[in-house]
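Listed below, chain by chain, are the residues.
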Amino acid sequence: DGGITQSPKYLFRKEGQNVTLSCEQNLNHDAMYWYRQDPGQGLRLIYYSQIVNDFQKGDIAEGYSVSREKKESFPLTVTSAQKNPTAFYLCASTGTSGAYEQYFGPGTRLTVT
Amino acid sequence: SQQGEEDPQALSIQEGENATMNCSYKTSINNLQWYRQNSGRGLVHLILIRSNEREKHSGRLRVTLDTSKKSSSLLITASRAADTASYFCATAYIQGAQKLVFGQGTRLTINP
């Protein structure tokens, strides 16, 4: 099956710990994105990557880091510097056709206590 | 912020009725898209309308775009209980690479 996978679905961490969220796609898409969604809110862009070994900050990049070493993978690390890390994190990808339609993974719900 | 606004924030109707959601945005766009999100899940793309299009249909969905008013609407006809979800508009601005800017969403509840 083609698509985007995110793991795990639920993640619990203690305050002060870094945590890495996984995002993998087999759609052969060049561009990948990480969003954060808080309860009852829309999506806010954290980081995005249009090509391997390159990525750009989104609107709320502080306290997060990413890497893009492979086309298929775009992991997101939530660092201890992120003040309010508890949220629902969504990964998406898109091809380079110019249509901008994004395909989303199922999301990871991170809870930090 | 370039984030658009959606209206209403929540909408509750009876099954079989039509549901209309509105989206406003701020600067010139390449296209505008609508997505659906079931509770606790990822978003699913519904429809894309380009800046030179005024109306687009897909099944029971009808999207309109008024670039002079910087607004769009999504109409779901003959609603079903399974249409219960949150609906988001997302704009691809002309200046902004391949980024999308999402609205706050409309929470739609269809009552049986």
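Structure first, text after, so check above.
The notes below deal with the structure included here. (Residues numbered from 1 in each chain as written. Chains lettered and ligands numbered in written order. Predicted model: local features only at pLDDT ≥ 70, side-chain atom pairs only at ≥ 80, totals over all residues. Heavy atoms only, no water.)

## A word on the sheet that holds strand 1 (residues 5-7) of chain B
All names here are of chain B. Read from one edge to the other, the open sheet built from five strands follows the order 1-3-8-7-6, with strand pairing classed as antiparallel. This sheet does not close on itself; its edge strands, each paired only once, are strand 1 and strand 6 (55-58). Neighbour-to-neighbour, the strand axes of the sheet open up by a mean angle of 15°, direction not taken into account. Sheet topology places strand 6 next to strand 7 (residues 61-66); four bridges connect them, and they run antiparallel. Within strand 7, the residue paired with K56 across the bridge is V63. (Pairing = 2+ DSSP bridges. Helix = DSSP H or I, 4+ residues; strand = E, 2+ residues; numbered from the N terminus. Axes fitted to C-alpha atoms, helices over the stretch in contact; angles between N-to-C directions.)

## Side note on unusual backbone geometry
Looking along the chain, the bond that leaves S7(A) and enters P8(A) is cis, with omega of -10°. For the peptide bond that leads from D7(B) to P8(B), omega is -5°, which places it in the cis range. Here P8(B) lies in the loop between strand 1 and strand 2 (10-14). One non-glycine residue, N28(A), lies in positive phi territory at about 60°. Take N28(A): it is sitting in the loop between strand 3 (19-25) and strand 4 (31-37). Judged by relative accessible area, N28(A) falls into the exposed class, the value being 57%. The backbone of A78(B) shows a phi angle near 45°, a positive value even though the residue is not glycine. Along the chain, the position of A78(B) falls in the loop between strand 8 (71-76) and strand 9 (85-93). (Buried < 20%, exposed > 50% of the residue type's maximum accessible area, 1.4 Å probe, protein only.)

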